[in-house]
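One letter stands for each residue in the lines below.
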Amino acid sequence: MNKHIVFFVHGVGDDAKGWSKDLRAQFKALFDSYPLPPGGLPFAELFQTEEIFYNDLFDEWRKRVAKEAGDALRMLGDGGLAGSALARLLNAGAAAGGGGFLRTHALDALQYRYLRLVSESIRSAVEFQIMARLNETDFGTPVRWSIVAHSLGTSVVHDTLHEMFNPGPGAEQSALFQPYAVVMLANVSRLLSNPEVLGDDVDAYSSFVRPDREPGRGACRYYLSCANGFDPIALAGDFEPPPAWLTEQAKAQRRFRPLDFKAIPRNRQVHGFGEYLAHPGVHVPLFRILAGDQDRISDAQEEAAHQAYRADNPLLDAGDLKRRAIEALGLRAAQDDWFERIAAWRDVVDQFAGK
Amino acid sequence: MKGVQRIVQRSAAAMLIAALAWSAAGWAQPTAQKSCAELRAELAEAAPLTAVNQLSRACLGGALDPDPFTLRAQRLFDTAGRVDGQPRRREIRDVTLSVEERTALTLAVLRVADESLGTLPPAGVDGAEIGQLREAVRRALRDRGNGVEPGERSPEQRGAYWTWDGMQAEIGATGIDVRAMFRRAGCDAAPRGPACAATRATVEGMLRGAQLAERAFTPDQAAAIQAAEARAAARDARWRSYFAEARSQYPWELLVNSWRYESTVRSERGISGPPDWQWIVMHPDVGMQYVRSAARGDRFKPALLLEVIGYNWWSWGDGHRPENAWGVSLVRTYADTASVPAGAWGVTVHRNNKYSLTLTRREGKTGILFSIDLAGAVTRASQEWKDRFRIGD
């Protein structure tokens, strides 16, 4: 029998293959921290978690050109050409392979948005990793899968799913294997949506990535969009689809779940992947939907989880300097200036991830 | 990630304590898979909707279900996945069926679903829903047998039409609302009354029939997944080759090529493969320059070159790697020479994204520039070979 496959998709940063090992273990621990209801199946019998990794495609061309340029510079040594314009171009190539926030975070987001060669290769890689895993499922039982994406990963997943499942050429028969739930944490799919990729006048509110019972009307059955009110990136993402986004039936069936909350975790990482999942306002509805069982976690258990979370992560006083700094970042994120957003992103990473 | 781990662990621990305080019963997570009989026993006191939802995971047409109809369906899948003399193949990627074989398997499993539903009491209080479900199965049988394409005219031929959704308490797109059935049977007021028990048994049978019908269309799903995976694998391999084996690109070249690529794929739907070309723009490189007419010490020297503008193209080979690549660029070269001018204009020809040969002209003197790869090959060659071509000091 096939288990429900849950894919995890990273955002920006210097993630390496295997990046999700701890996250997936913690996801399981969270699920198992709730009492098993009578007749309920444990995590291991319900789910199989998988990692999706695409960061290498951001880095591959940078590292290659950096190596070639570096080799060339070394070959030239300290000769008379060192200060020439050509040498400066080589230096620019060599510098592309370096680290630092601008290259590992901001440049990744800009590459994804503006370098179609990079973004298309990333969508191709994500599609392949999904399909390769689905191809390994048991023959003769229906395949069920969901995807949980964070930050830039939400844009990657949105665009990939639109291209995979938007009916027409390139998506033949794809209605037969659509995802069950699409879960977007700090959703920037609208902010980064690119009509050149999605099609003329198509954005995250008019794409095929919307929840519906009918595979012909939407790419998934459930869509969860989660935003921490203190997270500048989620505030910049500002994912609030218009009423026309859903059919009346999909609205009645609550196929879309906007999961908004306001919390400052003890480690102050208001944007972290794990921090989002750790909040009961996110994982309780998520676990219920993934398990297909509204009663999987009772209302009393949900309330207890919220109380425990609040006790462990008390909200800072309004006058607290750290809180004021976080709120200031949120105000900046509401601006429409790209460089300002990138700067805010860096500040989030620097200030709240211990860098 | 360590910080993430800490906070999740803390939250999980806090919730664990809260949950323990809330309910000590039913806490321990099982270590061995339970049988359907054990699950049913656990669910004896549960609300009927909760019970059928839990049983739907594996006990109503699923892997643990000991029901004879389910076992018959499983045998059909086992047979389809078997090749003589080999163990049964389990995974989608290993099972390749022809269109005719898929149709035969789908029809056979649909018949099992139909027979399974035929055992339910058609004249009872839930007779309308049973009849509705069975009629849908028979429409699917008829349409598949007559070669009707799945789609709007025949939605029953899609697995999603039958998928049980525990959140909505409805059987796919059949329009059957299980919550309403339980309400009608008085399950809200008397969940352990005989009417409710009878409806629960009926719903279990209907879910088994629906899930068998859904499984009947898994060969279609498997074929679609296989085909999509094959396309995606080829595309991904080409993209990786594009970045690893085509000529390297500086940031500004990637920008130019992205703009050009975007204009070529704008009208395409779905995820596109990589181009089989690249523009070369202001691309710095190094090579070994040979100018025979230069003074002896200037004849063979490292040189910088700038490919001002160029174009490189290839075809994709069977291994999804660039093959038969050719490229040409207008270049400006610079070498630290005294006996001949340091700079010269020239033309570079690229071959297979690896070897480049540049011809330059300066004051009527011809120079040759080898790419590093080509120069490496040259310098690895025998001294005799080098002497023959008078390369070196």
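Residues numbered from 1 in each chain as written. Chains lettered and ligands numbered in written order. Predicted model: local features only at pLDDT ≥ 70, side-chain atom pairs only at ≥ 80, totals over all residues. Heavy atoms only, no water.

This part is about the pattern of salt bridges. Per the counting criterion, the structure on display carries 43 salt bridges over all chains. One salt bridge in this structure joins A:Asp138 and B:Arg90, with 3.1 Å as the shortest N-O distance. Residue A:Asp138 is located in the loop between α6 (116–134) and β3 (145–150), and its partner B:Arg90 is located in the loop between α4 (68–80) and α5 (99–118); the two belong to separate chains. Residue class for A:Asp138 comes out buried when judged on its relative accessible area of 15%. Salt-bridge contacts for B:Asp236 lead to B:Arg240; the nearest nitrogen and oxygen are separated by 3.3 Å. Pair noted here: B:Asp236 and B:Arg240 are both in helix α9 (residues 218–245), with a separation of four residues, about one helical turn. (Salt bridge = Lys/Arg side-chain N within 4 Å of Asp/Glu carboxyl O. Helix = DSSP H or I, 4+ residues; strand = E, 2+ residues; numbered from the N terminus. Buried < 20%, exposed > 50% of the residue type's maximum accessible area, 1.4 Å probe, protein only.)

Below, the discussion takes up the sheet that holds strand β2 (residues 170–171) of chain B. Residue and element names in this part refer to chain B. Strand order in this open sheet of three strands is β1-β2-β3, and the pairing throughout is antiparallel. Looking at which strands have only one partner, the edges of the open sheet turn out to be β1 (164–165) and β3 (176–177). The sheet contact formed by β2 and β3 spans two bridges and is antiparallel. Following the sheet pairing, Glu-170 is matched in β3 by Asp-177. (Pairing = 2+ DSSP bridges.)

What follows deals with the domain arrangement of chain B. In terms of domain boundaries, chain B breaks down into domain 1 (36–216) and domain 2 (246–391). Look at where the C-alpha atoms of domain 1 of chain B and domain 2 of chain B centre, and you get two points 64 Å apart. (Domains from an automatic or database assignment.)

Right, let's get into the state of the cysteines. Residues and elements named next belong to chain B. Under the defined criterion, the tally for this structure stands at two disulfides over all chains. Disulfide pairing places Cys-36 opposite Cys-59 at an S-S distance of 2.1 Å. Here the disulfide of Cys-36 and Cys-59 is left-handed, its torsion about the S-S bond being about -95°. With Cys-36 in helix α2 (residues 36–42) and Cys-59 in the loop between α3 (48–56) and α4, this pair connects stretches of sequence that are 23 residues apart. One exposure class covers both Cys-36 and Cys-59, and it is buried. Residue Cys-187 pairs covalently with Cys-196 via a disulfide, S to S 2.0 Å. Measuring handedness by torsion sign, the sulfur bridge of Cys-187 and Cys-196 sits at about 115° and is right-handed. In this structure, Cys-187 and Cys-196 share a single accessibility class: buried. (Disulfide = S-S within 2.5 Å.)

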